[in-house]
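Notes for the structure review
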Amino acid sequence: MPELTAVDYDGLIPNNVGLNADPRLRRALESWHPRSLDWWKACGPVGFQESLVYLRTAVSVEPEGWARFGYVRMPDYRWGILLAPPVEGRTIGFGAHRGEPAWHDVPGEYRAMLRRLIVVQGDTEPASVEQQRRLGATAPSLYDLRNLFQVNVEEGRHLWAMVYLLQKYFGRDGREEAEDMLRRRSGDADSPRLLGAFNEATPDWLAFFMFTFFTDRDGKMQLHALAQSGFDPLSRTCRFMLTEEAHHMFVGQSGVGRIIERTCAAMRAAGIDDPHDIERVRALGVIDLPTLQKRANLHFSLTLDLFGSEISTNAANAFNAGLKGRYQEDQIADDHALLGASYKVLRLRDGHIVEENAPALAALNMRLRDDYVTDALSGVERWWNRIIARAGFDYRLRLPHVAFNRQIGEFAAIEADPEGNILDPAEWQRRRAAFLPSADDDAFVAGLMQPCYEPGRFASWIAPPRAGIAGQPGDFEYVKLHR
Ligand code: BYC
């Protein structure tokens, strides 16, 4: 039976999954709790653990009033287990079991596949915290510092969400997987995180904003696909995670937007009309638009790899089993079985990129990736390019071709420029620094990264936000530093 939705906020682990009525699970989670705190202290934000941070904490799963804002020391954050309210009489929406009642327990025949999906999802959450752990030292403002920590504690909560599923539904091997989540490390040569992009460095704040715009958006798409799952606890977990995820993408979207705004204002004030006049723009202490383009090229292409191969039997099997649906599956008007249906996929044929019809079931990763590209493109146009256009500059940020800079799937074997023209390896090497950030570009950005911890003040290269968090004024002390 679906669990009740009332949130128990009194125990060690806030939850609306009836933990008190399940002593075995509660003990397992309570024994995981100190180890997750050890992980947080060793691998989470460097410094600031004693500082008071103005954080939102999820206290309810109702759409209105689900979060409470207040000062919290990060190790005291209440990492709760919260599932979206159950939907009465919910049925499986796609695949071979379409129309059957949703599962409230693990379907035995799909156990391994389901565990794998949950483990991959769970692994990304602590990975991103590890990637971002040193950024506090160079925060451009207390507002941004607070947003970083908000994202970090919520990724920590998302780890809890997946660990809950593993511990409750997968017995001993679930507990082992939960331990492994705390053992793997982003970028570690011996024990890396599972997916490529989560082993890359996030060395500076521009990387953080690009990551939250592009990579957290993959999170959104994958969580939407898992929210459709016929395994109801996974669906409910992901539905609530999506509530928090929206803010993470806002941080990236507005963060890069504020950089663009500052750059354009500085160029105007200095009488610079050509955005390609990089030396002069950089001399103003702001980040030139072509460097932003190269960073976008990097993060977009790294994120596309997270969708797996264009043609994937794993994806087909997960759909058929009713475990992972399409983006907004419940709003698509078709048979939700996809047997005999086809989908257009870009393939590499005889050294050329061509569009081909492929079986729709096998092409589900491609479809989700297409939905992702549409979503990301709309963010680029509606936010970033609008700011540039309003400032009166003849420049547009673009998303590179999906064949550009890929390590996974159809285009991993070739090199292509951002327009999708295939290049031979020598030409790629010659032109690489025009497409992707060079060591010089990174060094320039690194040179700008100086902390700005005075309430209401911002680093030279980023504009203040339009509005504060939860209606707070511009000079609000979002982090009370303990030094
Ligand atoms: N790196 O059949 P294929 C987020 C593996 S982000 C390394 O094409 P499939 C967040 C693959 O595992 C969202 N390996 O792949 C964002 C498979 O190995 P096995 C995270 C890769 O399974 C910001 C083999 O290659 N959630 O939440 O169709 C901050 C064959 O691949 C990669 C999910 O991803 C890679 N990039 O699709 C915080 C959802 N790609 O099984 C959080 C759950 C593929 O043969 N995961 N491989 O050993 C999935 O749905 C799928 O596992 C994937 C891969 C989409 C990742």
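Coordinates for the structure precede this section.
These notes cover the structure that comes with them. (Residues numbered from 1 in each chain as written. Predicted model: local features only at pLDDT ≥ 70, side-chain atom pairs only at ≥ 80, totals over all residues. Heavy atoms only, no water.)

1. A closer look at the site of the ligand
Around the ligand lies a shell of 28 residues, among which Gln121, Ser309, Ser312, Lys324 and Asn365 are the nearest. Between the ligand and Gln121 there is a distance of 2.6 Å, counted from a nitrogen atom to a side-chain nitrogen or oxygen. Listed by contribution, the elements that provide at least two residues to the shell around the ligand are helix H2 (111-131), helix H5 (205-227) and helix H9 (313-320). Per element, the largest residue contribution to the shell around the ligand is seven residues, and it comes from H2. Here the residues of the shell around the ligand are counted per class, giving nine nonpolar, 12 polar and seven charged. (Near = heavy atom within 4 Å. Polar contact = N/O pair within 3.5 Å; in protein donor to acceptor, adjacent residues only side chain to side chain. Helix = DSSP H or I, 4+ residues; strand = E, 2+ residues; numbered from the N terminus. Nonpolar A, V, L, I, M, F, W, Y, C, P; charged D, E, K, R; others polar.)

2. Section: the sheet that holds strand S2 (residues 67-73)
Across the sheet, which stays open at both edges, the three strands sit in the order S2-S1-S7 with antiparallel pairing between neighbours. Each having just a single partner strand, S2 and strand S7 (479-480) make up the two edges of the open sheet. (Pairing = 2+ DSSP bridges.)

3. Observations concerning helix H12 (residues 439-448)
Along H12, the residues that are buried comprise Asp441, Phe444, Val445 and Leu448. The arc enclosing the buried residues of H12, seen along the axis, measures out at 95°, which places them on a common side. The outward face of H12, more than 90 degrees from its buried face, is lined by the exposed residues Ala439 and Asp440. Next to the buried residues of H12 lie H5, helix H7 (278-283) and helix H8 (289-304). (Buried < 20%, exposed > 50% of the residue type's maximum accessible area, 1.4 Å probe, protein only. Arc of directions from axis to C-beta. Contact = heavy atoms within 4.5 Å.)

4. Observations regarding the packing of helix H3 (residues 142-169) against H5
For the pair H3 and H5, the least separation of the axes is 12 Å and the interaxial angle reads 45°. Between H3 and H5, the crossing angle belongs to the class labelled oblique. Considering how the two elements wind past one another, H3 and H5 form a crossing that is left-handed. Residues Asp144, Leu145, Leu148, Val151 and Glu155 of H3 form the contact with H5, whose own contacting residues are Trp205, Phe208, Phe209 and Asp216. A class-by-class count of the residues in the contact of H3 with H5 yields six nonpolar, no polar and three charged. (Axes fitted to C-alpha atoms, helices over the stretch in contact; angles between N-to-C directions. Parallel < 35°, antiparallel > 145°, perpendicular 65-115°, else oblique. Left-handed = near helix turned anticlockwise from the far one by under 90°.)

5. Quick look at unusual backbone geometry
For Gln328, which is not a glycine, the phi torsion comes out positive at approximately 50°. Positionally, Gln328 belongs in the loop between H9 and strand S3 (342-349). Under the relative-accessibility criterion, Gln328 is labelled partly exposed at 29%. Residue Asn405 is not a glycine yet carries a positive backbone phi of 55°. Within the secondary structure layout, Asn405 lies in the loop between helix H10 (364-390) and strand S5 (415-416). For Asn405, a relative accessible area of 11% gives the class buried.

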